[in-house]
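Observations on the model geometry
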Amino acid sequence: MSATVVRSAFAAATLLLMAVAAPSAACAEDPADGIDRSMTTAAIGPEAKETTARTVAIGVYDPHDAVADSDALALEHVFVYWQKPDRALIKRKMAIAARQGRTLMLSVEPYTHAADWRSGGERLFADIGKGRFDREIRDVCTRAAGFGGPVYVRWGHEMEQPSKRYPWARRDSEGYKQAYRYFVGKCRELAPEARYVWSPIGNRNLRAYYPGDDVVDAIGIPVWGLQKMDVDYWGHERSFREALKEKYQRVSGFGKPIMIAELGVSGSADYKRAWYQEILDPQTYRRSFPLLTTVVFFNDKEPYKWPAGYGAPDWRLDRLALRALADRQANEAAALAE
């Protein structure tokens, strides 16, 4: 089976996630529990509606282009420091996404104008509302509009866990919501076809930061499998389902498509093999996580040290993961051939 045919299966799943922004969504095909599992609207053609709605697309954050030529990946993820964007990196990643037929996701990190990027966080939301970051918004959203294919814009992630790492991650939930809405409003003027991702870390307080259905097209959450931390905190090695379940339950009530915007696995070969098997098995999602549409691997070492002595985990896709991706691709091809 050709790579083009395999990519079409992933593209169908991407379409299902991309076409959810319209305020008047279509009726659910499976309305027993009140959740539109297919997330289809009039924007999706009949051929897409006939595909399997529960297919989960696989994407990657791949800053070193280690899997740039893989046909098994449907989304290219790029982080953008909006006050100092790496234009060469963005251009390169957009070219890779276009060449491989991948959706593009821009994770926009709204740092401050301070020399160290993090100072002045207490003024950040007010400054955004006053238009003092309009130049940054124009820059990133013009690039999103110029991509020419499906694009997600993920702004101000992990906002509900205050930390010194992100100046937008503060206890000011109202300020965050206003800033998020301001950003999306301005960005839609330049990139009306983009889809906007609200991306909490998954804490219990996340609902206070939800900016509204009209400015959220999809919800992204991170999921990390760190074997040593599992044992230390939970007393056993958690499965992928176990790690995902609590966060999924906290965001599924919004009724939006859900993606794992950042996914990393670090541990022994057996630990990683078990996670990859679950992640790439369609049966994992069909009953337990029906709103989950996309999984995005974090193919790099952790750029910051984790607390409690866990250091900087290595989340890179290893041979086990690459083999599992290849096997999934082959299985998708066989399924399409039947």
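Residues numbered from 1 in each chain as written. Predicted model: local features only at pLDDT ≥ 70, side-chain atom pairs only at ≥ 80, totals over all residues. Heavy atoms only, no water.

Describing the overall build of the protein chain
In terms of regular secondary structure, the protein chain is built from 11 helices and 8 strands. Out of the 338 residues in the protein chain, the part that is buried amounts to 54%. For the protein chain, contacts bridging at least 24 residues in sequence account for 72% of all contacts bridging at least 6. Total accessible area computed for the protein chain in this model is approximately 15,200 Å², and 50% of it derives from carbon and sulfur atoms. (Helix = DSSP H or I, 4+ residues; strand = E, 2+ residues; numbered from the N terminus. Buried < 20%, exposed > 50% of the residue type's maximum accessible area, 1.4 Å probe, protein only. Contact = heavy atoms within 4.5 Å. Areas by Shrake-Rupley, 256 points an atom, 1.4 Å probe, with all protein chains shown as cover.)

Topic: the pattern of salt bridges
Counting across every chain of the model gives 22 salt bridges. For arginine 99, the salt bridge is made with aspartate 69, and the minimal N-O distance between the two is 2.9 Å. Placement of arginine 99 in helix α3 (residues 87-100) and of aspartate 69 in the loop between β1 (57-61) and β2 (75-81) is noted, with a sequence separation of 30 residues between them. The exposure class assigned to aspartate 69 is exposed, which follows from its relative accessible area of 59%. Here lysine 272 makes a salt bridge to aspartate 318, at a shortest N to O gap of 2.6 Å. Taken together, the residues span a long stretch of sequence, with lysine 272 in helix α9 (residues 269-279) and aspartate 318 in the loop between β8 (292-298) and α11 (319-337) at a distance of 46 residues. (Salt bridge = Lys/Arg side-chain N within 4 Å of Asp/Glu carboxyl O.)

A look at the state of the cysteines
Applying the stated criterion across every chain yields a total of 1 disulfide. Here cysteine 141 is linked by a disulfide to cysteine 187, with a sulfur-sulfur distance of 2.0 Å. Every disulfide takes its handedness from the sign of the S-S torsion; for cysteine 141 and cysteine 187 that torsion is -115°, giving left-handed. With cysteine 141 in helix α5 (residues 134-145) and cysteine 187 in helix α6 (residues 173-190), this residue pair connects regions lying 46 residues apart in the sequence. By relative accessible area, which is 1% here, cysteine 141 ends up buried. (Disulfide = S-S within 2.5 Å.)

Notes on the nonpolar core
Ranked by internal contacts, the top residues of the largest apolar core, which has 77 residues, are Phe183, Trp198 and Ile279. The biggest single contributor to this core is α6, with 6 residues. Excluding residues that lie within four positions of it along the chain, phenylalanine 183 makes contacts with Trp82, Val108, Ile137, Val140, Cys141, Val153, Trp155 and Tyr196. (Core = buried A, V, L, I, M, F, W, Y, C linked by side-chain atoms within 4.5 Å.)

Here we look at unusual backbone geometry
In this structure, glutamate 158 is a non-glycine residue whose phi angle is positive, near 55°. Here glutamate 158 is to be found in the loop between β4 (151-155) and α6. The backbone of alanine 308 shows a phi angle near 60°, a positive value even though the residue is not glycine. On the secondary structure map, alanine 308 appears in the loop between β8 and α11. Take alanine 308: its relative accessible area is 59%, and that puts it in the exposed class.

As for the packing of helix α8 (residues 240-252) against α9
Interaxial distance between α8 and α9 falls to 9 Å at its minimum, and their mutual angle equals 55°. Classified by the angle their axes make, α8 and α9 are oblique. Only Trp275, Glu278 and Ile279 of α9 make contact with α8, whose side of the interface consists of Phe240, Arg241 and Ala243. Its residues placed into classes, the contact of α8 with α9 shows 4 nonpolar, no polar and 2 charged. (Axes fitted to C-alpha atoms, helices over the stretch in contact; angles between N-to-C directions. Parallel < 35°, antiparallel > 145°, perpendicular 65-115°, else oblique. Nonpolar A, V, L, I, M, F, W, Y, C, P; charged D, E, K, R; others polar.)

Description of α8
Here α8 spans 17 Å end to end across 13 residues, near enough to the 18 Å set by a 1.5 Å rise per residue. Approximately 30° is the largest bend angle found in α8, and it occurs at glutamate 246. Among the residues making up α8, those that are buried are Phe240, Ala243, Leu244, Lys247, Tyr248, Val251 and Ser252. Looking at the buried positions of α8, the neighbouring elements they touch are β6 (218-226), β7 (258-266), α9, α10 (283-286) and β8. (Expected span 1.5 Å × (residues − 1). Bend = angle between axes of the 7 residues up to and from the residue.)

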